[in-house]
Every structure is written in structure tokens, then in C-alpha cells.
Amino acid sequence: MPSNPSPARSLYATRPGALPFRFRRLRVLIVGCGDIGLRVAQALPARVQVLALTSSVARTFELRQRGITPLAGNLDVPASLRRLAALAHRVIHLAPPPNEGWLDPRSRALTRALALRSRPDALVYGSTSGVYGDCQGEIATETRATHADTTRAKRRVDAENAVRFFGRASGVRSSILRIPGIYAPDRPNGTPQARLLKGTPVLQAQDDVYSNHIHADDLARACVAALWRARPQRIYNVNDDGCFKMGDYFDLAADLYGLPRPPRVPRSTASAQLPLMLLSFMSESRRMDNTRLKQELRVKLRYPTVAEGLLTPPRG
């Protein structure tokens, strides 16, 4: 199979008949253009025209200020997505599923809209490492079967299935990025500092779980790399090289920020002191393997561990 062209060499290259002739610039559509989507837009080659789906009129000004063309549409209103057909060469899907139910109708609505006319060359979906479930500290490679333990993760499994079915049925080079905890000092709630200031406890060492992380900028670069380099129907773990237990991660952050380390509590009493969402993260332990990220997508991490990334100065 020939390798995918680089962004610089493929700016004007499309499949015959893939898009109307008037679309002379390579277009990338971002669905779910929040913090990571904005970083993806910034990381794309300058000659690429960036489009973003938004259901908020208030966001159109911000998007235009960043050089992004806003497109009105709502993943919960499938009829509003028809204009997306044959509009972009490549699509990055970062929108989360709804907060309820076992399925993700948003991903299904998007893939149906993209299939209406000429398909894009590539679709990349940002999923979550939660689809692996509790691996009891074992290494999770992309070939490991999913074992989602929460309805939140099961919705993500459904979204992955929708994206992969779309790829197989349409011939679009579809790929999945499985993403762990995202952090960055310039990201809203992007560091443990607020939790450390509150003195929120963590599990004692013998009860602790492995956690995985990725700096927001490295994640954005992985998204861009996947748009051009990901193999068809391929899954990629997008995590850094760190191998920290959760409590050790918070200890490291406390030391970096000059704050007291958090108190340690046994799992038997944690439920009385910690919120349910945090407890759900503390019930799963896995160490993600990122070999494909580095070898196939050829992403060189700028922040190989949280020790380098937690003190990153904000971008100018």
C-alpha cells in the first residue's frame, strides 16, 4: 500500500471526482472544536483551510478571529449536517457523545451526513482510553479487546464502531485515537493544582492505580499526524511515555508547584471522601503502550512525561 502524502505535497491533490472543482484548497473540518480542536487548527499547515462545526452563534466570532470558518450545525439535529457532505477532504471528530444512554447518535449522524455525497479522504475520531476498562495494571495495546465498565465508556465504544463501520462501508481511511487524561497549564482545569489546593485525598500506595496522560499540544499534533498518516481502520493509543500511579502523579505535581502532597487514604474509606467521577477513574488501572503513535504516526513527543509538561509556559 503506498504511503499517504504529506500535507505539503497533497494540498491540491484529491481523488478524481472527490470534491467539486471550486474547492481548490485542502479543507479540514473539525467537529467538536473545543480546546483541543483549536490546538489542532493551529497545528495544521498554513495553507489548509480550516472549517469547524458549531451549534453556538456566540462562538462564530471567536472561530473567525482564529482564522477558522464556522459552519452552523448541530450533531443532535441530523438534518442540520447535510451541508457537510462533500465539503472537506479530511475530518477530525472530537465531539463527545451525549451524557445519557448506551449509544452515540452524534457519531452516527455525522458519518451518515459525510456519506451523502463524495466522501472525505480521511476521518479521525478522538475516543477515550476508558474503552479498555480495568486492565488491573496490565499493559494495554491497541489489539486488546474493549471492556468498557461505565456507560460513559460504552457510548465511546459505540462511537468507535460507527466510525469503523463508516470506513469499511465507504472506503474512507477512518482511524481511532484512544486518549487518556489530557493536561496542559494553559488548558481550563488542565493541571492538578486546584485539587492540590483543596487537599483532595488520593489512594494509599497499595490501593493505587496506574494512570496515563498526554499533553494537549502533543495530542493536537497526533490528531494532525493521523489525518495524513493513520492506516485505514487503525486504532492508536495517544499517551506519553510516563508510567505513573495516580498518587505519584499528584505527588510530582505538588513538588513542582511547591504545594503539600495530598493525603493518602485506603480504598475502603475513599468513597466517603471523594466524588463519584473521581472514584470511577480510581477503579481502573492500565498502562498504555504508545508504540504505534511513535512508529506509525511518527509523532515525537514534546512532553514525554508530565514532569516536562506540567510547567510548560502558556502559549503566546
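All of these numbers come straight from a predicted model, not from anything done at the bench.

**What about the overall build of the protein?**
Logical step 1: Each helix and strand in the protein was counted, giving eleven helices and 15 strands.
Logical step 2: Since a compact globule built from 316 residues should have a radius of gyration of about 20 Å, the 20 Å found for the protein is in line with a globular shape.
Logical step 3: Considered along the principal axes of its C-alpha atoms, the protein spans approximately 65 × 40 × 40 Å.
Logical step 4: Burial statistics for the protein: of 316 residues in total, 52% are counted as buried.
Logical step 5: The long-range share in the protein, meaning contacts at least 24 apart out of those at least 6 apart in sequence, stands at 77%.
Logical step 6: Split by element, the accessible area of the protein, about 15,000 Å² in all, is 52% carbon and sulfur.

**Some words on the environment of Ala-225**
Logical step 1: Inspection of the secondary structure assignment puts Ala-225 in helix 6 (residues 216–229).
Logical step 2: For Ala-225, a relative accessible area of 8% puts it in the buried group.
Logical step 3: Spatially, the C-alpha atoms of Ala-225 and Arg-164 are 18 Å apart, while their sequence positions differ by 61 residues.
Logical step 4: If we skip the residues at most four places from it in the chain, Ala-225 touches Ala-230, Leu-297 and Val-299.

**Observations regarding the pairing of strand 7 (residues 173–179)**
Logical step 1: By the criterion of burial, strand 7 is predominantly enclosed, with seven of the seven residues buried.
Logical step 2: Of the two faces of strand 7, the one lined by Arg-173, Ser-175, Leu-177 and Ile-179 and the one lined by Ser-174, Ile-176 and Arg-178 are each fully buried.

**Regarding the sheet that holds strand 7**
Logical step 1: Reading across the sheet, the seven strands line up as 3-2-1-4-5-7-12 and stay open at both edges, with parallel pairing between neighbours. In this open sheet, the two strands that pair with only one neighbour each are strand 3 (69–72) and strand 12 (234–237). Averaged over all pairs of adjacent strands, the angle between strand axes in this sheet comes to 20°, irrespective of strand direction.
Logical step 2: Pairing of strand 1 (residues 27–31) with strand 4 (residues 90–93) involves four bridges; the strand directions are parallel. Paired with Leu-29 across the two strands is Val-91, which belongs to strand 4.
Logical step 3: With respect to the sheet, helix 6 is in contact with strand 1, strand 4, strand 5 (122–128), strand 7 and strand 12, its orientation differing from that of strand 7 by roughly 160°.

**Details of the state of the cysteines**
Logical step 1: Enumeration over the complete set of coordinates arrives at zero disulfides.
Logical step 2: Just so you know, Cys-33 is unpaired, no disulfide at all, and the nearest cysteine sulfur is the one on Cys-223, 11 Å from it.
Logical step 3: With relative accessibility at 0%, the residue Cys-223 sits in the buried group.

**Points about the nonpolar core**
Logical step 1: Val-40 and Ile-92 are the most contacted members of the largest nonpolar core, which totals 38 residues.
Logical step 2: Among the elements that take part in this core, helix 6 stands out by supplying ten residues, more than any other.
Logical step 3: If we ignore the near neighbours within four places in the chain, the residues touching Ile-92 are Val-28, Leu-29, Ile-30, Val-31, Val-40, Val-124, Cys-223 and Leu-227.
Logical step 4: With 24 residues, the next largest nonpolar core counts Leu-71, Ala-88, Ala-159 and Val-172 among its residues.

**Observations regarding the packing of helix 1 (residues 35–43) against helix 6**
Logical step 1: Relative to each other, helix 1 and helix 6 sit at 60°, their axes nearing to 8 Å. Between helix 1 and helix 6, the angle falls in the class oblique. Considering how the two elements wind past one another, helix 1 and helix 6 form a crossing that is right-handed. Within the contact between the two elements, helix 1 uses Asp-35, Ile-36, Arg-39, Val-40 and Ala-43 and helix 6 uses Ala-216, Asp-217, Leu-219, Ala-220, Cys-223 and Val-224.
Logical step 2: Residue composition of the contact of helix 1 with helix 6, grouped by class: eight nonpolar, no polar and three charged.

**Topic: the pattern of salt bridges**
Logical step 1: Throughout the structure, instances matching the rule amount to 21 salt bridges.
Logical step 2: In this structure, Arg-59 and Glu-62 form a salt bridge, with 3.3 Å as the shortest nitrogen-oxygen distance.
Logical step 3: Of the charged contacts in the structure, one is a salt bridge between Arg-264 and Asp-208, with a shortest N-O distance of 3.5 Å. Taken as a pair, Arg-264 in strand 14 (residues 264–265) and Asp-208 in the loop between strand 9 (202–203) and strand 10 (210–211) lie far apart in primary sequence, 56 residues in all.
Logical step 4: You can call Arg-264 partly exposed: its relative accessible area is 32%.
Logical step 5: One salt-bridge network, held together by shared partners, links Asp-208, Asp-248, Asp-251, Asp-255, Arg-261 and Arg-264.

**Topic: the packing of aromatic side chains**
Logical step 1: The final tally for this structure, using the stated rule, is one aromatic pair.
Logical step 2: Between the NZ or CZ atom of Lys-245 and the centre of the ring of Tyr-210, over which it lies, the distance is 5.3 Å.
Logical step 3: Above the plane of the ring of Tyr-210 lies Arg-287, whose end atom (NZ or CZ) is 5.1 Å from the centre.

**Details of the pairing of strand 3**
Logical step 1: Relative to strand 3, strand 2 (residues 49–54) runs parallel, the two being bridged by four bridges. Residue pairing across strands places Thr-54 opposite Ala-72, the latter belonging to strand 3.
Logical step 2: Running through helix 2 (residues 60–65), the crossover from strand 2 to the neighbouring parallel element strand 3 is right-handed.

Cut-offs used in this document
Residues numbered from 1 in each chain as written. Predicted model: local features only at pLDDT ≥ 70, side-chain atom pairs only at ≥ 80, totals over all residues. Heavy atoms only, no water. Helix = DSSP H or I, 4+ residues; strand = E, 2+ residues; numbered from the N terminus. Rg over C-alpha atoms; globule rule 2.2 N^0.38 Å. Buried < 20%, exposed > 50% of the residue type's maximum accessible area, 1.4 Å probe, protein only. Contact = heavy atoms within 4.5 Å. Areas by Shrake-Rupley, 256 points an atom, 1.4 Å probe, with all protein chains shown as cover. Pairing = 2+ DSSP bridges. Axes fitted to C-alpha atoms, helices over the stretch in contact; angles between N-to-C directions. Disulfide = S-S within 2.5 Å. Core = buried A, V, L, I, M, F, W, Y, C linked by side-chain atoms within 4.5 Å. Parallel < 35°, antiparallel > 145°, perpendicular 65-115°, else oblique. Left-handed = near helix turned anticlockwise from the far one by under 90°. Nonpolar A, V, L, I, M, F, W, Y, C, P; charged D, E, K, R; others polar. Salt bridge = Lys/Arg side-chain N within 4 Å of Asp/Glu carboxyl O. Phe/Tyr/Trp six-rings, centres within 6.5 Å; stacked < 30°, edge-to-face > 60°. Lys NZ or Arg CZ within 6 Å of the ring centre and 35° of its normal. Right-handed = clockwise from strand over helix to strand, strands pointing away.

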